[in-house]
Amino acid sequence: MTNTTKIATLAGDGEFTAYRATPAGTPKAAIVVIQEILGVNAGIRRKCDTLAEAGYLAIAPDLFWRLEPGIELDPDIKPEFDRALELMGQFDQDKGIADIEASIRAVRSELGDGAKVGVVGYCLGGRLAFMTAARTDVDASVGYYGVGIDGLLGEKHAIAHPVLLHVPEEDHFVDKAAQAAMHAGLDDHPKVTIYDYAGEDHGFATEFGERRSDASAKLADERTAKFFAENLG
């Protein structure tokens, strides 16, 4: 079952919507799906639906609600992608993390004592997933082609729960030097696992559109499914 839900901000000064996909039976855990710069579009909703099919309660909060609520963009349409880049430039990432934390608290409260919650993010969401791992008590975090993680390595000491990162080696938003810095800073971290994808570019695991690389997307998603099964139950 799918619908939208409302989540109150941590500060109590507003509320935002989230797409929600509920499994047929009792959820085994919850996963917050963190959007790309494209909003909670059809691809992000499909990610939630797939997680629900696997037995998780999945929600995708609208993190751009302060800028343009409900926006959905297609990266294969240039004016829409340009608009996504504009929104990214205006987005307050610290407030975004607070909204993700509010989402984590909401689903954890709904599922009850002992419930585990993970996050998975893509692009901007991959970066925010890493930040969430360092700044909240989330139980497990996955980031696909997160941008600028090399600039966040000073926060790695705060990561207390497992993190999985998917890194395409030909990411035109994350150059080789940034990838090398990520490995140098994180390969010895006991909670972090990094998988590299030779020949792949940014967005390779998108559900729809020109960016998808099917074989690598399936491999990354299989690794993510195993990671969540091991760390969320």
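Shown above is the structure to which this text applies.
In this text, all values refer to a predicted model and were calculated from it rather than measured experimentally.

Scoring rules and cut-offs
Residues numbered from 1 in each chain as written. Predicted model: local features only at pLDDT ≥ 70, side-chain atom pairs only at ≥ 80, totals over all residues. Heavy atoms only, no water. Helix = DSSP H or I, 4+ residues; strand = E, 2+ residues; numbered from the N terminus. Contact = heavy atoms within 4.5 Å. 1 Å grid on protein atoms, 1.4 Å probe; cavity = no way out; pocket = protein on both sides within 12 Å on 5 of 7 lines; lining within 4 Å. Points joined across faces, edges and corners; volume = space filled by probe spheres on them.

> Give a detailed account of the environment of valine 33, specifying residues and quantitative values.
On the secondary structure map, valine 33 appears in strand S3 (residues 30-34). In this view, valine 33 contacts Ile44, Lys47, Cys48, Leu51, Ile59, Ala60, Pro61, Val120 and Tyr122; residues no more than four positions away in its chain are not counted.

> So what about the layout of surface pockets? Which residues, and what values?
Within this model, the largest pocket holds a volume of roughly 300 Å³. Lining the largest pocket are 15 residues, with Thr50, Leu51, Asp221, Thr224 and Ala225 positioned closest to its centre. Looking at the lining of the largest pocket, the elements with two or more residues in it are helix H1 (42-53), strand S5 (117-122) and helix H6 (214-232). Surrounding the second largest pocket, Pro162, Val163, Leu164, Lys191, Thr193, Tyr195, Arg223, Lys226, Phe227, Glu230 and Asn231 form its lining. Every element with two or more residues in the lining of the second largest pocket is listed here: strand S7 (163-168), strand S8 (192-197) and H6. Considering each element in turn, the lining of the second largest pocket owes the most residues, 5 residues, to H6.

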